[in-house]
Amino acid sequence: MASGGELHLALRAGFDPARVYFHGNARSEDELREALEAGVGHVVLDSFDDIERLERVASEHDRRQQVLLRVTPGVSGDTHEAISTGQADSKFGFSLEEAGEAIARLASGGRLDLVGLHCHIGSQLLELEPFRAAVKAIAGLGEFPVYNLGGGLGVAYTAAERAPSTADYVEAVVDAAHQWLGADKRLLLEPGRALVANSTVTLYTVQTVKRNVSTWVAVDGGMSDNLRPMLYGAVYEGGDRRPAAGGGHRALPPGRQAL
């Protein structure tokens, strides 16, 4: 989770705080304080400011806190620039050069125990090679017991797209971890949309059709329920769900989603 609000909801839902990995690139000192008071298991550090804030809060509470360091590995996949997070020019994490300095700083003493690294190179990735390259890139930072290798595996939103299976993705990441990070590591993954995108459809109804220079089809939905086309240039294919003769509905074309 990546904010005090998400942490609050998880705790209200009865989630064990010891299993929480508290992320975020702009958490306030109050949010970090709430995390430590709740007994969050791990905090993922995103910047040198983050280190300073968490050190202060840990000192206030006279406790040690296990942390992971988020690293930007200099690897980017083929996706929209707004959801690409592994390149050097990213608002998330430490560059490889900065990560070495941060690791040395955390090893020099204080109340933060560095137990692992985190990286996430982007979302809606349809190729496996960038995931392998990211693992190789962070391997040079040293050996740790825990690695959160992020997620970002894409799904097919149109018939022209092909996404690797979840099994192939896991195999690729685990094989890369065995090759570059060594055995007996705890690996964490953040599968995201790869788990849930195909669980439902978004069902819109056409309300108005206008024809002037272009043909405009207006539906009863938009940015309030699907921001991705406007923010990330996402493309979807619509399926026909009009009532069929004799009752029922026409089936969606294979691999397509109702819009």
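Since we're looking at a predicted model, the values are computed, not measured.

Right, let's get into the overall build of the chain. Each helix and strand in the chain was counted, giving eight helices and nine strands. Of all intrachain contacts in the chain linking residues separated by at least 6 positions in sequence, the fraction that spans at least 24 positions is 61%. Of the accessible surface of the chain, which amounts to about 14,000 Å², a share of 51% is contributed by carbon and sulfur atoms.

Right, let's get into empty space enclosed by the protein. The tally for this structure, following the rule as stated, stands at one cavity of 30 Å³ or more. Counted as a void, the largest cavity has a volume near 60 Å³. Around the largest cavity, the lining residues are Cys119, His120, Ile121, Phe131, Ala134, Val135, Leu149, Tyr169 and Val173. It is helix α5 (residues 129–139) that provides the largest number of residues to the lining of the largest cavity, a total of three residues. For the lining of the largest cavity, the residue count by class is eight nonpolar, one polar and no charged.

What follows concerns the side chain of Glu55. Turning to its location among the elements, Glu55 is positioned in helix α3 (residues 48–60). Buried and unpaired, Glu55 has Arg111 as its nearest opposite-charge partner, separated by 5.9 Å. The contacts of Glu55, once residues within four sequence positions are left out, are Gly109, Gly110, Arg111 and Leu112.

Before going further, it helps to spend a moment on the packing of α5 against helix α6 (residues 166–180). Here α5 crosses α6 at 20°, and the two axes come no closer than 9 Å. Classified by the interaxial angle, the pair formed by α5 and α6 is roughly parallel. Judged by the twist between their axes, the crossing of α5 over α6 is right-handed. Taken together, the residues of α6 that come into contact with α5 (itself represented by Phe131, Arg132, Val135, Lys136 and Ala139) are Tyr169, Ala172, Val173, Ala176, Ala177 and Trp180.

How two aromatic rings sit relative to each other is given by the distance of their centres and the angle of their planes. The final tally for this structure, using the stated rule, is four aromatic pairs. Between Phe144 and Tyr147 the ring centres are 6.3 Å apart and the planes differ by 80°, which places this aromatic pair in the edge-to-face class. Using a relative accessible area of 10% as the deciding quantity, one classes Phe144 as buried. A relative accessible area of 0% means that Tyr147 is categorised as buried. Over the aromatic face of Phe22 sits the side chain of Arg27, whose NZ or CZ is 5.2 Å from the ring centroid.

Here the structure, examined in full by the defined rule, presents 11 salt bridges. With a shortest N-O distance of 3.6 Å, Arg105 and Glu52 are connected by a salt bridge. Linking Arg105 in helix α4 (residues 96–107) with Glu52 in helix α3, this pair joins segments that are 53 residues apart in sequence. The class for Arg105 is partly exposed, based on a relative accessible area of 33%.

Attention now goes to the pairing of strand β3 (residues 65–72). By the criterion of burial, β3 is predominantly enclosed, with seven of the eight residues buried. In this structure, strand β2 (residues 42–45) lies alongside β3, joined through four bridges in parallel fashion. Note that in β3 the partner of Val44 across the bridge is Leu68. Crossover connection from β2 via α3 to parallel β3: handedness right-handed. As defined by bridge partners, β3 adjoins strand β5 (residues 112–118) across six bridges and the pair is classed as parallel. Pairing of Leu68 across the sheet is with Gly116, part of β5. As paired strands, β3 and strand β4 (residues 94–95) are joined by two bridges and run parallel to one another. Paired with Val71 across the two strands is Phe94, which belongs to β4.

Definitions and cut-offs
Going along each chain's sequence as written, the residues are numbered from 1 onward. Only residues with pLDDT of at least 70 are given local features in this predicted model, and only at 80 or more are side-chain atom pairs given and counted; all residues enter the totals for whole chains, interfaces and linings. Heavy atoms from the whole structure form the basis of all side-chain values; hydrogens and water molecules are not counted. Counting from the N terminus, the helices are the DSSP runs of H or I reaching at least four residues and the strands are the DSSP runs of E reaching at least two. Working rule for contacts: check all heavy atoms of both residues, and any pair within 4.5 Å makes them a contact. Throughout, the Shrake-Rupley method with a 1.4 Å probe supplies accessible areas, and for residues the shown protein chains are the sole cover considered. Using only the protein atoms, space was sampled on a 1 Å grid; points where a 1.4 Å probe fits but cannot get out form cavities, open sets with protein on both sides within 12 Å along at least five of seven lines form pockets, and lining residues are those with an atom within 4 Å of a point. Grid points are joined across faces, edges and corners, and a volume is the space filled by probe spheres set on the points. In the scheme used here, Gly and all other residues not listed as nonpolar or charged are polar, with Ala, Val, Leu, Ile, Met, Phe, Trp, Tyr, Cys and Pro taken as nonpolar and Asp, Glu, Lys and Arg as charged. We call a residue buried when its accessible area falls under 20% of the maximum for its residue type, exposed when it is over 50%, and partly exposed in between, using a 1.4 Å probe and counting protein chains only. Under this rule, positive means Lys or Arg and negative means Asp or Glu; His and the chain ends count for nothing. Any Lys or Arg side-chain nitrogen located within 4 Å of an Asp or Glu carboxyl oxygen qualifies as a salt bridge. Every axis corresponds to a line fitted to the C-alpha atoms, with the helix fit spanning only the stretch in contact, and the corresponding angles, defined between N-to-C directions, vary from 0 to 180 degrees. In what follows, roughly perpendicular refers to angles from 65 to 115 degrees, roughly parallel to angles under 35, roughly antiparallel to angles over 145, and oblique to any angle outside these ranges. Put simply, a crossing is left-handed when the front helix is turned counterclockwise from the back one by less than a right angle, and right-handed when it is turned clockwise. Any two of the Phe, Tyr and Trp rings considered here, Trp counted by its six-membered ring, make a pair once their centres fall within 6.5 Å; the pair's planes then place it as stacked at under 30 degrees, edge-to-face at over 60, or tilted in between. The rule for a charge over a ring is simple: NZ of Lys or CZ of Arg within 6 Å of the ring centre, and within 35 degrees of the ring normal. By this definition, two strands are paired if DSSP reports at least two bridges between them. A clockwise course of the path from the first strand over the helix to the second, judged with the strands pointing away from the viewer, identifies a crossover as right-handed.

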